[in-house]
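Structural description and commentary
Chain by chain, the residues run as shown.
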Amino acid sequence: MRRLRRLLASALSGVLATLFGMAAGHLVASLLTPSSSPVLAVAATVIDLTPTPLKEYAVREFGTKDKAILLSTVVLVTLIVSAVAGMLARRWLRIGAALLLVLVTTAGVAALTRPMASAADVLPSLVAAVVGMTVLVVLTRLLNGEPLRPSASAEQTQVSRRTLLLVSGCVAGGAAVMGWAGQRIIDYRTRIGNVTLPPPAKPIPALPAGLENVYPGISDFRTSNSKFYRVDINLSLPVVPVDDWELSVDGDVDESFSLTFDELSAMPLIERDITMTCVSNEVGGRYIGAARWLGVRLTDLLDRAGVGSGADQLLSTATDGFTISTPLEALRDGRDAMVAIGMNGEPLPAEHGFPARLITPGLYGFVGATKWLTKLTLTTYADQTAYWTDRDWATDAPIKISSRIDTPRPLENIKPGPTVIGGVAWAQQRGIERVEVRIDGGAWTEAILGPDAGLDYWRQWYLPWEAPSGSHMLAVRATSVDGEVQTAVRATPFPEGSSGIQEIAVSVS
Ligand SMILES: Nc1nc2c(c(=O)[nH]1)N[C@H]1C(S)=C(S)[C@@H](COP(=O)(O)O)O[C@H]1N2
Ligand SMILES: [Mo]
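What comes next is a walk through the structure.

Reading guide: rules and limits
Residues numbered from 1 in each chain as written. Chains lettered and ligands numbered in written order. Predicted model: local features only at pLDDT ≥ 70, side-chain atom pairs only at ≥ 80, totals over all residues. Heavy atoms only, no water. Axes fitted to C-alpha atoms, helices over the stretch in contact; angles between N-to-C directions. Helix = DSSP H or I, 4+ residues; strand = E, 2+ residues; numbered from the N terminus. Parallel < 35°, antiparallel > 145°, perpendicular 65-115°, else oblique. Left-handed = near helix turned anticlockwise from the far one by under 90°. Contact = heavy atoms within 4.5 Å. Nonpolar A, V, L, I, M, F, W, Y, C, P; charged D, E, K, R; others polar. Patch = residues over 30% accessible without salt bridge, like charges linked within 9 Å, V, L, I, M, F, W, Y side chains within 5 Å. Areas by Shrake-Rupley, 256 points an atom, 1.4 Å probe, with all protein chains shown as cover. Salt bridge = Lys/Arg side-chain N within 4 Å of Asp/Glu carboxyl O. Buried < 20%, exposed > 50% of the residue type's maximum accessible area, 1.4 Å probe, protein only. Near = heavy atom within 4 Å. Polar contact = N/O pair within 3.5 Å; in protein donor to acceptor, adjacent residues only side chain to side chain. 1 Å grid on protein atoms, 1.4 Å probe; cavity = no way out; pocket = protein on both sides within 12 Å on 5 of 7 lines; lining within 4 Å. Sits in = over half its atoms within 2 Å of the grid points. Phe/Tyr/Trp six-rings, centres within 6.5 Å; stacked < 30°, edge-to-face > 60°. Lys NZ or Arg CZ within 6 Å of the ring centre and 35° of its normal.

The next thing to look at is the packing of helix H1 (residues 2-31) against helix H4 (residues 66-91). Where H1 contacts H4, the two axes come as close as 7 Å, and the packing angle between them is 125 degrees. As the angle between them shows, H1 and H4 are arranged oblique. In the packing of H1 onto H4, the handedness of the crossing is right-handed. Contacts from Arg6, Leu7, Ser10, Ala11, Ser13, Gly14, Val15, Thr18, Leu19 and Met22 in H1 reach Val75, Thr78, Leu79, Ser82, Ala83, Gly86, Met87 and Arg90 in H4. Considered class by class, the residues forming the contact of H1 with H4 number 9 nonpolar, 7 polar and 2 charged.

Laid out in structure tokens, this is it:
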């Protein structure tokens, strides 16, 4: 019993040492670069090193919770190792300390090898090392009843259990306060600045009312900013102070230039309704959203720079070190790609790329939707490659035609009688001609389409259904205006987007 208590106490000392170090590192990072926080840096590196199939599995299984799950796993593993370090330290202080040092060195190396890392990014890990090690030494000595200072006399070293509890409590409390403060500072620094958006040069008509008000359960015709899916490589949002921000256009151009946010927003602004899709979206998945974007037409910027004859790609760079290659041809075929500064009537939210991002209708996000954009470089595919293409994803990736059942939900139990099957369908750049529903493997029945907001916007659809009791299989497929019928042939998201037909089971009773 006593041995078990001793063991637990020493394990706890290791855990407390690490928590305190991590929190101190987080606080220091919040003041410098949030992504250099030890936990965040390690987690981000884990993402980078995870093989693509495993990443796809995680995205599929955990959806947007994948980041939270990853962070918790990293913290949990770290704390387990720390507990072991604490137990070892009780008898062999050096070995325990060495184990903690391995942990924190991992964090330091991770921070230094992030895409945009500078030497200063090792600081949070250094602080974590010094602080965590000190706590480990102090707690271990207290536990062992050893003097904290070599010169201390015998009665000074008599530590009561109360002292030990007090010190442990202070360490735990200190860690909580530092971690909380660091997070508050990060939230403050990544908030969006005080920005007012000028109106578009030619406002477009208001979006028609969608079907969601008539048939609840169908996705909103316009996705609100707070519900818009978020996909990026970051565990913490990049800090982009709008006053220091600049967008430069360079590379194979007659004259490179850069613009401040005010200069960019003073250019003629266009407004477009565009549905964005992530290449990682599974058939029937949620990584899709539709919004009204406000921004500067990309060709205006390209014309101003004067594109050289050799360029075949636009390489965009973001403050998070992320890069995207977009085929120049797609950007100049009249599709109104833009550098967006507004989303649904508001400045871009921090999660969606404040202060400016690229939006390319018809291409998956990873080839045309650079958030936190800072640089547009005219270059060639032979000369330069981008983040995901370096990881074997497709270089050119038009969004595939697809459709989704929103209501009823997979495996939902509904009442027999009149109901509605409904959802959304998209074929950006081409438009949706028809949506069909198949019930229990029968014939395809044409659904009724909702309002039309242009080729690049999704269409809502519904089909009234007299649901009979029993289990049923519901499937949906779309046809584009140019006649492509959504294929039943399955493809995984990697490397150029999923295909197949969504079929769900529902029970009626
Ligand atoms: N800077 C930056 N831009 C980025 C990414 C990123 O990781 N970093 N991810 C891309 C991907 S894969 C997609 S699908 C879209 C998602 O945009 P959203 O989060 O606003 O929906 O952003 C793109 N732009
Ligand atoms: Mo994506």
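Now, onward.
Together, Leu7, Leu76, Ile80, Val84 and Met87 make up an exposed nonpolar region whose accessible area comes to about 430 Å². The dominant element in the nonpolar patch, judged by the number of residues it contributes, is H4, at 4 residues. Relative to the helices and strands, Leu7 resides in helix H1. Taking the relative accessible area as the measure of exposure, Leu7 reaches 43% and is therefore partly exposed.

This paragraph deals with the site of ligand 1. Surveying the vicinity of ligand 1 reveals 19 residues, the closest of which are Tyr229, Ile233, His352, Arg357 and Lys371. For ligand 1, an oxygen atom lies 3.0 Å from a polar atom in the backbone of Val231. A distance of 2.6 Å is found between an oxygen atom of ligand 1 and a side-chain nitrogen or oxygen belonging to His352. A total of 530 Å² of accessible area belongs to ligand 1 in isolation, and the protein chains cover 98% of it. Put simply, ligand 1 lies in the largest pocket. Residues belonging to the shell around ligand 1 are distributed by class as follows: 11 nonpolar, 3 polar and 5 charged.

Throughout the structure, instances matching the rule amount to 11 aromatic pairs. Here the aromatic rings of Phe322 and Tyr387 are separated by 5.1 Å at their centres, their planes lie at 45 degrees, and the arrangement is tilted. One end of the pair, Phe322, is in the loop between strand S5 (313-318) and strand S6 (323-327); the other, Tyr387, is in the loop between strand S10 (373-379) and strand S11 (402-407), with 65 residues separating them in the sequence. Relative to Trp393, the ring of Trp388 has its centre 6.2 Å away and its plane inclined at 70 degrees; by these criteria the two rings are edge-to-face. Here Trp388 matches Trp393 in class, with each residue buried. Ring pairing ties together the aromatic residues Phe322, Phe366, Tyr387, Trp388, Trp393 and Phe494, which thus form one cluster. The cationic tip of Arg304 hangs over the ring face of Phe257; the distance from NZ or CZ to the ring centre is 4.4 Å. When the ring centre of Tyr387 is taken as origin, the NZ or CZ atom of Arg391, which lies over that ring, is 3.7 Å away.

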